[in-house]
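The residues making up each chain are set out below.
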Amino acid sequence: MKSFLSFSLLLLATLVSAISSTGDRLLAVLDDVAEKATYSKFLGDLESRGFKITYETPKSESLSLFRLGERKYDHVIFFPTKAKGLGPNLTPNLLVQFLNQKGNILLTLSSEVPAATSLVSLLTELDITLPSDRTGLVVDHFNHDVLSAADAHDVLLLPVPRPARPDVADLFASGAPADTPIAFPRGAGVLLGAGPLLTPIVRAPATAYLYNPKEQAEVLAADELFGAGAQLALVAGMQARNSARLAVVGSAEMLSDKWFDAKVTKVGEKKEVPTYNREVAKRVAGWAFQETGVLKVNWVEHRLNEAGPGANVSNPAMYRIKNDVTYKISLSQWDWDKWTGFTVPANDDLQLEFSMLSPFHRLHLAVDAAHSSPEATAYTASFKLPDQHGIFNFKVNYKRPFLTNIEEKNTVSVRHMAHDEWPRSYVISGAWPWIAGIGATITAWLAFVAVWMFSKPADARVVLKKTQ
Amino acid sequence: MHFSKSLLSAALLLAAGVAEAASSWSFDDATVAVVSKKAGDGLKEKLNAKKPLSKPVTIGSSDTIKITLTAKDNGSGKRPHQAFVVLKDVDSGLEAPFPLTTKDTGKAVGQISQKEIPVQLLLATKPLQASIVIGSFGSAHGLNTHLFDLTVQLDPNAPAPSTEKTLRYAKQPEIHHIFKADPKNPPKIISLVFALAVVATVPALFLGWFSLGANLDHLTTALGKAPLSHTAFLGSIVAMEFVFFLYYSTWNLFQVLPVVGLVGAVTVLSGTKALGEVQARRLAGQR
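Fair warning: this is a prediction, and the values are worked out from it, not measured in the lab. (Residues numbered from 1 in each chain as written. Chains lettered and ligands numbered in written order. Predicted model: local features only at pLDDT ≥ 70, side-chain atom pairs only at ≥ 80, totals over all residues.)

On to the overall build of chain A, then. A count of helical and extended segments in chain A gives eight helices and 27 strands. For chain A, the C-alpha radius of gyration of 35 Å lies well beyond 23 Å, the compact-globule estimate for 468 residues. Projected onto its principal axes, the C-alpha coordinates of chain A cover approximately 140 × 65 × 40 Å. For chain A, with 468 residues in total, the buried portion stands at 41%. (Helix = DSSP H or I, 4+ residues; strand = E, 2+ residues; numbered from the N terminus. Rg over C-alpha atoms; globule rule 2.2 N^0.38 Å. Buried ≥ 20, exposed ≤ 12 C-beta atoms within 10 Å, placed from the backbone.)

Structure below.
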């Protein structure tokens, strides 16, 4: 009874908070809780999407990411804090542990406040590099806002973040007006390592560079340049192997109310245009907090694609070599507040591997409209099993930037041909002389027995010779 | 994007040239020189903001290119905050910035040796595009213009630089298993000829036997003396062959074994008597 009650409560809870696919407990870490007024629109958007936000300062003693070894929060957002460290409750070790337990982190930087050492260590652990003095200012003398930063050039105007590669899912720019800029005021940039888990979301324009406004205000020495151009990531994402996500936003000010409504003017233009910051902030936070780009596998089915006794068995444990089989997989994508069918991005491909140690087949999975619904899309491939027996896997290994990692493995045995599954010898024309040989031997043997038993001596002389 | 940017800078240059309304950055006394360790000074060319050099500059494996210029804000020498030479691979769009060392007078000097150029750019198939970016705070417009093309000449004696392809999550090439070829048969006519040749040996054997005088004349005497055992013995031998035929066509081993035992017992029991009769005939001199 009690378990039933708690189960129904759980069900109710999931129905009510159908917002993020993983949970709605959000912790916001600010220097001063009053500071949240600066970001009221951004945080209000999050709350209206169903997040329950807890505000804490790093100094707070009640602040803890875990309780009894379980996560207390599903997501954490860090706003810039003045303190050098974040105290014993937010050590890099705990933050990595938080990611390992599938918690998500949105981390904001600022050029005015150096990042906390704890966060710098966390980023270093993930191969994301900050300047050695933990901050820096990105300026661009060619792409700044003329209205607010005519002299300082530190409010960058950036195009909406299109995917860096044509086969990457367009989560941040789809549906955006063509010429709407993002304002990136007084932000820092990071350098990303070469790993596949790191993906830049917004890169700096080719002419932008990062410098330290305290030490390099007058002269930027040639050998002290931290980064310039597209190598600087202004907004970056990291998705761990367990699909926990971490997003780094170089400019916390970008999320503030001021820049959600601001009007900006590009260099060389007179037109004042509104910024796209609110939508980008929503999408970056939505990605980090598992509201977009979340995939799940609904079901997997493989079966024999031949007439015969096994044709109706779903997911059999064993096949024979050279069997024709069909594989189906159903995928859904979480789209802000509901599951929808997952459509593979253009130029990308969902692939099925049939592998024993290494893949024997790697095949395109095509949409199977007959088994799809608005909530789920089925993909299918039919193929002939290889002529090699052993333990094989049907494997869908779909790891892509910004999308939940999918690694679906179904193990089956593939046996060799049984002795009575080969063609009969009389079907094989090369065997005809041998079959005829057996027939001839049998006929001759029977005839020999008869002759040996019933033959009468032909010639009396033979008998005479014998008796002599 | 780059196109639009270069368009923009071109437009800016034009605006600066025609109207002189807004102040803008420019440069003067710009040269590019190739300094070689072995051969001393090589090529030295004057650079122009309006038009890139027509011929590409070549950098050898131990060479250094030296770029000097004087940055000017509205015609007077001044130190810009940003003075970068940017090398760009036209195909991939990869860029590498090389900051110049600037002085108060606006004089800027930079050296790029082949060692400092990233490997990805060294391996570019087309000449690298070298451009200058000059900009600073304030209202003056920055300058971003193409200066010259740079051809990289790798050391033919040293192994070519290589980069490991970084792992990126993306689709992989398809694999289709290559099946072993099915077993092949010789032409049917050959099999048929040899099968007939084998079958033909049976009548040939019979002819041979009969020519040597084989016959079945004692059949009646044998059947007369021991009718049951001879019939059963011969019948069991034929039956055994029939069981083997059934084993070949439909039966399995467990169906065959009991029947073989039964037929074998009949063969042994009837055989003792039937062969005893044959022996009696032999002792009587009738074989």
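Turning our attention to the overall build of chain B. If you tally the helices and strands in chain B, you get six helices and 11 strands. Here the C-alpha radius of gyration of chain B, 51 Å, is well above what a compact globule of 287 residues would show, namely 19 Å. For the C-alpha atoms alone, the extent of chain B along its principal axes is close to 145 × 40 × 30 Å. Across the 287 residues that make up chain B, the buried fraction comes to 24%. The long-range fraction of contacts in chain B, counting pairs at least 24 apart against all pairs at least 6 apart in sequence, stands at 66%. (Contact = placed C-beta atoms within 7 Å.)

Residue and element names in this part refer to chain B. With numbering aligned to this structure, UniProt lists the feature "transmembrane region" (unreviewed entry) at residues 189-210, 231-248 and 254-272. End C-alpha to end C-alpha, residues 231-248 measures 26 Å, and it is 100% helix and 0% strand. Within residues 254-272, the helical portion is 100% and the strand portion 0%, while the C-alpha atoms at the span's ends are 28 Å from each other. (UniProt positions renumbered as here; feature names shortened; annotations may be inferred.)

In many analyses, interface size is given as the accessible surface area lost on bringing the parts together. Residues and elements named next belong to chain A. One can read the domain layout of chain A as domain 1 (17-288), domain 2 (294-420) and domain 3 (431-467). Here the C-alpha centre of domain 2 lies 38 Å away from the C-alpha centre of domain 1. On the domain 2 side, the residues contacting the 14 residues of domain 1 number 13 residues. Residue composition of the side of domain 1 that touches domain 2, by class: seven nonpolar, five polar and two charged. (Domains from an automatic or database assignment. Nonpolar A, V, L, I, M, F, W, Y, C, P; charged D, E, K, R; others polar.)

Moving on to the UniProt feature "domain: OST48 middle" (unreviewed entry) in chain A. Per the UniProt annotation, the sites labelled "domain: OST48 middle" (unreviewed entry) are residues 313-456 of chain A. Along residues 313-456 of chain A, the helical share is 16% and the strand share 44%, with 68 Å between the first and last C-alpha atoms.

All right, on to the sheet that holds strand 19 (residues 318-320) of chain A then. Residue and element names in this part refer to chain A. A sheet is described by the order of its strands in space; here five strands give the open sequence 19-27-26-22-23, paired in mixed fashion. For this open sheet the edge positions go to strand 19 and strand 23 (358-364), each flanked by a neighbour on one side alone. Strand-to-strand, the axes of this sheet are offset by a mean angle of 30 degrees, without reference to chain direction. (Pairing = 2+ DSSP bridges. Axes fitted to C-alpha atoms, helices over the stretch in contact; angles between N-to-C directions.)

Turning our eyes to something else, we now look at the pairing of strand 25 (residues 377-384) of chain A. All names here are of chain A. Across eight bridges, the pairing between strand 20 (residues 324-334) and strand 25 is antiparallel. Along strand 25, the bridge assignment pairs Lys-328 with Thr-380. Across two bridges, strand 24 (residues 366-367) lies against strand 25 in antiparallel orientation. Looking at the pairing, Ala-366 lines up with Thr-380 of strand 25.

It is worth spelling out the confidence of the model for chain A at this point. Residue and element names in this part refer to chain A. Across chain A, the average pLDDT comes to 89, with 94% of residues at or above 70. Across residues 1-18 the pLDDT falls below 50, and counting only partners more than four positions away or on other chains, this stretch makes three contacts in the model. A low-confidence stretch, residues 461-468 (pLDDT under 50), is modelled with three contacts involving residues beyond four sequence positions or located in other chains. (pLDDT = per-residue confidence, 0-100.)

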